[in-house]
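# Chains, contacts and geometry: an overview
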Amino acid sequence: MKNPAGIGLRHAHYKDVIETKPSVGWLEVHPENYFGGGAHRHYLAKAREFYPLSLHAVGLSLGSTERVSRDHLRQIKELITIYEPFQVSDHASWSLSGNAHLNDLLPLPYNEETLAILCRNIDETQEFLGRGILVENPSTYLAFKGSTMTEWEFMNAAATRTGCGILLDVNNIYVQSRNHGFDAFEYIRGIEEESVGEMHLAGHTEKELADGSTVLIDTHDSLVRSEVWELYRFAIERFGSVPTLIEWDQNFPPLSTLVAEADRAANIIKDRASRHATE
């Protein structure tokens, strides 16, 4: 891939992307938005003519005790057949319980019980789709007393047991490091190098609570913060030229803003590659 930096294709930018063909390397979409066909698929097909595509699912609920929905997998596999994405991914989280489908990616306790459930669901997903997937580290606002390992140990174990890759969301790591009080750089040092197949960058929001404390919320509605860029540079030094996405899911800016953020990520990757080539 000549340009490893991409942007999320969202409805607000469908026409601009197709008409202006910005200089980004690839596009990412949530496959659930395209299950129903119609105009969304029309624009996706047009965009796919010019860009590689990644499918980033939000509805597989890989951490649920229930098995992954075969109907959901069937619809994703249909999109894979049509659009031939170079990546398919979802999250180390859950959003399904019985008949309840929750509009959020909820956290897991990090222990052997939940790891076994997650791995079972990843295995079944990969077998059904006939390909490996990436699993993203979540953004969380609480931690469980029942956890017996760190999140990075949990992610490494899932990748080792299932053969899946890790989609490393650098903004999520930073948000959690502030919310839970750990070292974000230690997290990145703890992730196995060979497992990382993609990275995400996004903006977040700081909210002051009634008790005067501050919580960071992964809102995907603003520019990437300087602290996250610093962490990303560290991650690129460790993992190399990994495809990187700029996520922006609400309060959409002009397309040129997303492209500028993607260009910044691409330049960091190119700078790293250039320095290592001369060493």
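Use the structure listed above.
Let us look at the structure shown here. Quick caveat: nothing in here was measured; it's all calculated off a predicted structure.

Here the focus is the overall build of the chain. Along the chain, the regular secondary structure elements total 9 helices and 12 strands. A compact globule built from 279 residues would reach a C-alpha radius of gyration of about 19 Å, and the chain, at 18 Å, matches this within 12%. Principal axes of the C-alpha set define a box for the chain whose edges measure 50 × 45 × 45 Å. In the chain, buried positions account for 54% of the 279 residues. A separation threshold of at least 6 residues defines the contact pool for the chain, and within that pool the share at least 24 residues apart is 78%. Summing over all exposed atoms, the chain offers an accessible surface of approximately 12400 Å²; the carbon and sulfur share of this is 50%.

In this section: the environment of Y34. Summarising the element assignment, Y34 is placed in the loop between β2 (27-29) and α2 (39-48). Separated by 218 residues in sequence, Y34 and F252 have C-alpha atoms that sit 20 Å apart. Ignoring anything within four residues of it in the chain, the contact list for Y34 reads L9, Y14, V29, H40, R41, L44 and L79. Within the structure, the side chain of Y34 is placed 2.9 Å from the side chain of Y14, a separation counted as a polar contact.

Bringing the packing of aromatic side chains into the picture now. Taken as a whole, this structure holds 8 aromatic pairs when the rule is applied. Ring geometry for Y14 versus Y43: centroids 5.0 Å apart, planes at 25°, classification stacked. With Y14 in helix α1 (residues 14-20) and Y43 in helix α2, this pair connects stretches of sequence that are 29 residues apart. In this structure Y14 comes out as buried when scored by relative accessible area, which is 7%. Ring plane angle 90° and centroid distance 5.2 Å describe the contact between W26 and F86, whose orientation is recorded as edge-to-face. Of this pair, W26 sits in the loop between α1 and β2 while F86 sits in the loop between α3 (70-83) and β4 (87-91), and the two are 60 residues apart along the sequence. Residue class for W26 comes out buried when judged on its relative accessible area of 0%. Here the aromatic residues W152, F182 and Y187 are joined through ring pairs into a cluster of three or more. The side chain of K21 reaches across the aromatic face of F50, ending 4.5 Å from its centre.

On to the side chain of H200, then. Looking at where H200 falls in the secondary structure, it is placed in strand β9 (residues 196-201). Within the structure, the side chain of H200 is placed 2.9 Å from the side chain of E28, a separation counted as a polar contact. A distance of 3.0 Å separates a polar atom in the side chain of H200 from a polar atom in the side chain of E198. Every residue in contact with H200, bar those within four places of it in the chain, is listed here: E28, H56, E136, L167, L168, D169, V170, N171, L245 and E247.

We now examine the packing of α2 against α3. Remark: α2 packs on α3, axes separated minimally by 11 Å, with the N-to-C direction vectors making an angle of 40°. It follows from the interaxial angle that α2 and α3 lie oblique. Seen from α2, the contacting residues are R41, L44, A45 and R48; seen from α3, they are E78, L79, I82 and Y83. Its residues placed into classes, the contact of α2 with α3 shows 5 nonpolar, no polar and 3 charged.

Another aspect to go through is the sheet that holds strand β8 (residues 165-169). Here 8 strands make up a closed barrel; going around it, the order is β1-β2-β3-β4-β7-β8-β9-β12 and the pairing parallel. Direction aside, the axes of adjacent strands within the sheet are offset by 30° on average. Bridge count between strand β3 (residues 53-56) and β4: 3 bridges; the pairing is parallel. In the sheet register, S54 faces β4, and the bridge partner there is Q87. Where helix α6 (residues 170-180) meets the sheet, its contacts fall on β7 (134-136), β8 and β9, and the angle it forms with β8 comes to roughly 60°.

Counted according to the given criterion, the structure contains 12 salt bridges. Notably, a salt bridge pairs E112 with R161, separated by 3.1 Å at the nearest N-O pair. Of this pair, E112 sits in helix α4 (residues 112-129) while R161 sits in helix α5 (residues 151-162), and the two are 49 residues apart along the sequence. Relative accessible area serves as the criterion here: at 44%, E112 is assigned to the partly exposed category.

With that settled, the discussion passes to the nonpolar core. Counting residues in hydrophobic clusters, the biggest one holds 76 residues, and the most contacted among them are L27, L168, I191, M199, L201, Y232 and F239. Among the elements that take part in this core, helix α9 (residues 255-278) stands out by supplying 8 residues, more than any other.

Analysis parameters
Residue numbers restart at each chain and count upward from 1, following the sequence in its written direction. Per-residue local features are limited, in this predicted model, to residues with pLDDT of at least 70; the limit for side-chain atom pairs, both in listing and counting, is 80 or more; totals at the level of whole chains, interfaces and linings are taken over all residues. To obtain the side-chain values, all non-hydrogen atoms of the structure were included, while hydrogens and water were left out. Secondary structure follows DSSP: runs of H or I at least 4 residues long count as helices, runs of E at least 2 residues long count as strands, and numbering of each begins at the N terminus. Between the two quantities, the radius of gyration covers C-alpha atoms and the globule rule is 2.2 Å times the number of residues to the power 0.38. Any residue under 20% of the maximum accessible area for its type is buried, any over 50% is exposed, and the rest in between are partly exposed; the area is computed with a 1.4 Å probe on protein chains only. For this analysis, residues touch if any pair of their heavy atoms sits within 4.5 Å. Computed by Shrake-Rupley with a 1.4 Å probe, the accessible areas treat only the displayed protein chains as cover when residues are assessed. Pairing of N or O atoms within 3.5 Å defines a polar contact, subject to two protein rules: one partner must be a possible hydrogen donor and the other a possible acceptor, and residues neighboring in sequence count only if both atoms are side-chain atoms. Note on aromatic contacts: the rings of Phe and Tyr and the six-membered ring of Trp form a pair at centre separations within 6.5 Å, being stacked when their planes are under 30 degrees apart, edge-to-face when over 60 apart, and tilted otherwise. For a ring to carry a charge above it, either NZ of a lysine or CZ of an arginine must fall within 6 Å of the ring centroid while also lying within 35 degrees of the normal to the ring plane. Fitted lines through C-alpha atoms serve as axes, helices being fitted only where they are in contact, and the angles separating the N-to-C directions of these axes extend from 0 to 180 degrees. Roughly parallel here means an angle under 35 degrees, roughly antiparallel means over 145, roughly perpendicular means 65 to 115, and every remaining angle is called oblique. Three categories are distinguished: nonpolar for Ala, Val, Leu, Ile, Met, Phe, Trp, Tyr, Cys and Pro, charged for Asp, Glu, Lys and Arg, and polar for the others, with Gly belonging to the last. Strands qualify as paired when DSSP identifies two bridges or more between them. Think of a salt bridge as a Lys or Arg side-chain nitrogen and an Asp or Glu carboxyl oxygen that are within 4 Å of each other. Among buried residues, those of type Ala, Val, Leu, Ile, Met, Phe, Trp, Tyr and Cys that are joined through side-chain atoms within 4.5 Å constitute a nonpolar core.

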